[in-house]
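Topology and contacts: notes
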Amino acid sequence: MLQALYGAVESGLIYALMALGVYISFRLLDFPDLTVDGSFVTGGAVTSVMVVSGVDPFTATLAGAAVGFVVGCITGILHTKGNINPLLAGILMMVALYSINLRIMGQPNIPLLNETTVFTVVENWWQALNLQGIVMAPFEALGIAAYVPSSLDVLVAATILMVIVKKLLDFFLRTEAGTTLRATGDNQTMVRSFSANTNVYIVVGMGVSNMLVAFSGSMVVQHNGFADINLGVGMIIIGLASVIIGEVLFSFGSDKIVRTTLAVILGAIVYRMIYAIALQVDFLEASDMKLITALIVVAALVVPNWLGQTNAKQQYKKSKANAAKQEARQADAEGERGHVTAQSDS
């Protein structure tokens, strides 16, 4: 179980990149973008082909993210310039990307187990600098080294990467351009009244969103050791589940962008942990992944509504009881005043 949870945290940090991309499109731009299922594979396809061709894995990863940016911009242009419904624009791009990704890969899947990837480079650095011994020293001093995985290179590297991406995203969203992008998702009419071109911000926002999604796909294929044409199926649901879980558990209704992006990251980790724990149940199998994901999303959506309705009913009953008490006090006060008046008249 501990090993499963450790792996869940690792993969959660990698998939958090995709969750941040979904957060930008669905929450900030209010754009139901289904391009995610295709752009996730696009990032992995471009990176895997370049890695197999001998290109430096870091360059290949950045290239995959860059292609994802272009794909997102095309979706935005289909909506803004082609006047296509956002949902339909995403569906059209997702369908087109299936054939494009297959063209890029040249085959349904590409193995990377014997190739030099970002994670093999990180592992080599980790061993060369003897970082495992340095990191394990505190745990050995506390006598809990047996509960720590034998290698923490992927976890540490994914954490550092996630911190860097989060800082850059927070910085961008707090700039004038980022603030305008967020305002565009809230009220395009108001933004246009300030002579701002909302179409540009929608296109750029969609590009940034799918860039993060493709970046996540690039990292996932290198972490898994293979790229597959069907790897992106259901990614949009996983991204939404991460966003919703993060908002429910960690955002606490805060509008601060720094806290919200952190909530999305933690939501992605929690989702993977729930998934890992669910697979430990005897009667559940790996083929039940989609069912587990659907149940997680349903629970994340329904439970807060139930809790909100329960709190509203309790508040209503409390206010009704307070109103009844106030009316009773007023009635007693009026009766007392009438009694005093009657006595003074007599």
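Residues numbered from 1 in each chain as written. Predicted model: local features only at pLDDT ≥ 70, side-chain atom pairs only at ≥ 80, totals over all residues. Heavy atoms only, no water.

Structural notes on the overall build of the protein chain
Note the following rule: We count a stretch as a helix when DSSP gives it H or I for four or more residues in a row; a strand needs E for two or more, and each element gets its number in order from the N terminus. The atom set for the radius of gyration is the C-alpha atoms, and the globule formula is 2.2 Å times the number of residues raised to the power 0.38. Think of it in three bands: residues with accessible area under 20% of the maximum for their type are buried, residues over 50% are exposed, and the middle band is partly exposed, with areas taken using a 1.4 Å probe on protein chains only. Should any heavy atoms of two residues lie within 4.5 Å, those residues are counted as being in contact. Residue-level accessible areas treat just the shown protein chains as cover; the underlying method is Shrake-Rupley with a 1.4 Å probe. Only four residue types enter the tally: Lys and Arg on the positive side, Asp and Glu on the negative side, with His and both chain ends excluded. Every charge is mapped to an atom, namely NZ of Lys, CZ of Arg, CG of Asp or CD of Glu.
If you tally the helices and strands in the protein chain, you get 13 helices and two strands. Scaling as 2.2 N^0.38, a compact globule of 346 residues should have a C-alpha radius of gyration of about 20 Å, whereas the protein chain reaches 26 Å, well beyond that. Along the first, second and third principal axes, the C-alpha set of the protein chain runs to 110 × 60 × 40 Å. The burial tally for the protein chain puts 42% of its 346 residues in the buried class. Sequence-distant contacts, at least 24 apart, represent 78% of the contacts inside the protein chain between residues at least 6 apart. Taken as a whole, the protein chain presents about 18,100 Å² of accessible surface, with 64% of it coming from carbon and sulfur. With 19 positive and 23 negative side-chain charges, the protein chain shows a separation of 9 Å between the mean positions of the two kinds.

Some words on the nonpolar core
We count it as follows: The set of buried Ala, Val, Leu, Ile, Met, Phe, Trp, Tyr and Cys residues whose side-chain atoms join them within 4.5 Å is what this entry labels a nonpolar core.
Grouped together as the largest cluster of nonpolar side chains are 73 residues, with contacts concentrated most on Met18, Leu20, Phe40 and Met162. Broken down by element, this core gets its largest block of residues, 14 residues, from helix α1 (residues 2-28). In this structure, Met18 is in contact with Val36, Phe40, Leu212, Val213, Ser216, Met235, Ile238 and Gly239, ignoring residues within four places of it in sequence.

Description of the packing of aromatic side chains
Keep this limit in mind: Any two rings among Phe, Tyr and Trp, with Trp reduced to its six-membered ring, count as a pair given centres within 6.5 Å; such a pair is stacked if its planes are under 30 degrees apart, edge-to-face if over 60, and tilted if neither.
In total, this model carries three aromatic pairs according to the counting rule given. Look at Tyr15 and Phe40: their rings are 6.1 Å apart centre to centre, the planes differ by 10°, and that puts the pair in the stacked class. With Tyr15 in helix α1 and Phe40 in helix α2 (residues 36-52), this residue pair connects regions lying 25 residues apart in the sequence. Across the pair, exposure class does not vary: Tyr15 and Phe40 are buried alike.

Focus: the environment of Gln3
In this fold, Gln3 is placed in helix α1. Separated by 145 residues in sequence, Gln3 and Val148 place their C-alpha atoms 8.8 Å apart.

What about the layout of surface pockets?
Quick note on the threshold: Here a cavity denotes a set of grid points, spaced 1 Å apart and computed over the protein atoms alone, in which a 1.4 Å probe fits but from which it cannot get out, and a pocket denotes an open set meeting protein on both sides within 12 Å along at least five of seven lines; residues with an atom within 4 Å of a point are reported as lining. Grid points are joined across faces, edges and corners, and a volume is the space filled by probe spheres set on the points. Residues are sorted three ways: Asp, Glu, Lys and Arg are charged, Ala, Val, Leu, Ile, Met, Phe, Trp, Tyr, Cys and Pro are nonpolar, and all the rest, Gly among them, are polar.
In this structure, the largest pocket encloses a volume near 380 Å³. Along the wall of the largest pocket there are 19 residues; nearest its centre are Phe58, Val118, Val122, Ala157 and Leu161. Those elements that place two or more of their residues in the lining of the largest pocket are α3 (57-80), α5 (118-128), α7 (153-173) and α10 (198-224). For the lining of the largest pocket, the element with the highest residue contribution is α7, accounting for seven residues. In terms of residue class, the lining of the largest pocket is built from 17 nonpolar, one polar and one charged.

Looking at the packing of α1 against α7
We count it as follows: Between the N-to-C directions of two axes lies an angle of 0 to 180 degrees, each axis being a line fitted to C-alpha atoms and, for a helix, fitted only over the stretch in contact. Should an angle lie under 35 degrees it is considered roughly parallel, over 145 roughly antiparallel, and from 65 to 115 roughly perpendicular; all remaining angles are considered oblique. The crossing is said to be left-handed when, going from far helix to near helix, the turn is anticlockwise and less than a right angle, and right-handed when the turn is clockwise.
In contact at an axis separation of 8 Å, α1 and α7 are set at 15° when each is read in the N-to-C sense. Comparing their axes, α7 and α1 come out roughly parallel. Judged by the twist between their axes, the crossing of α1 over α7 is left-handed. Contacts between α1 and α7 involve Tyr6, Val9, Glu10, Leu13, Ile14, Ala16, Leu17, Leu20, Ile24 and Leu28 on the former and, on the latter, Val154, Leu155, Ala158, Thr159, Leu161, Met162, Val165, Leu169 and Leu173. Class assignment of the residues belonging to the contact of α1 with α7 gives a composition of 17 nonpolar, one polar and one charged.

Quick notes on the side chain of Thr75
Relative to the helices and strands, Thr75 resides in helix α3. For Thr75, a relative accessible area of 0% translates into the label buried.

What to know about the packing of α5 against α7
Taken N-terminus to C-terminus, the directions of α5 and α7 make an angle of 110°; their axes are 10 Å apart at the nearest point. Between α5 and α7, the crossing angle belongs to the class labelled roughly perpendicular. The handedness of the crossing between α5 and α7 comes out as right-handed. Facing α5, whose interface residues are Phe119, Val122, Glu123 and Trp126, α7 presents Asp153, Val154, Val156 and Ala157. Residues that form the contact of α5 with α7 fall into these classes: six nonpolar, no polar and two charged.

Some remarks on α10
Where we set the bar: Expected helix span is computed as 1.5 Å times (number of residues minus one). In protein, a polar contact means a hydrogen-donor-capable atom and an acceptor-capable atom, both N or O and within 3.5 Å, with residues adjacent in sequence counting only if both atoms are side-chain atoms; elsewhere, any N or O pair within 3.5 Å suffices.
Relative to the 39 Å expected for 27 residues at 1.5 Å per residue, α10 spans 39 Å between its end C-alpha atoms, a close match to the ideal helical length. Where α10 starts, the residue carrying a side-chain oxygen 3.1 Å from the main-chain nitrogen of Asn199 turns out to be Asn197. Positioned one or two residues after α10, Gly225 has a phi angle of 90°, which is positive.

Section: the side chain of Asp37
With respect to the helices and strands, the residue Asp37 is situated in helix α2. Residue Asp37 is classed as buried on the basis of its relative accessible area of 16%. If sequence neighbours within four positions are ignored, Asp37 has contacts with Met94, Gly232, Val233, Gly234, Met235 and Ile236.

Side note on the confidence of the model for the protein chain
Spelled out, the test is: Each residue gets a pLDDT score, which is the predictor's confidence in that residue and runs from 0 to 100.
The predicted model of the protein chain has a mean per-residue pLDDT of 87, with 93% of residues at 70 or higher. Here helix α13 (residues 289-345) stands out as the least confident element of the protein chain, with mean pLDDT 75; α3 is the most confident, with 96.

What to know about the environment of Leu87
Position of Leu87 relative to the elements: it lies in helix α4 (residues 86-105). Every residue in contact with Leu87, bar those within four places of it in the chain, is listed here: Pro32 and Leu34.

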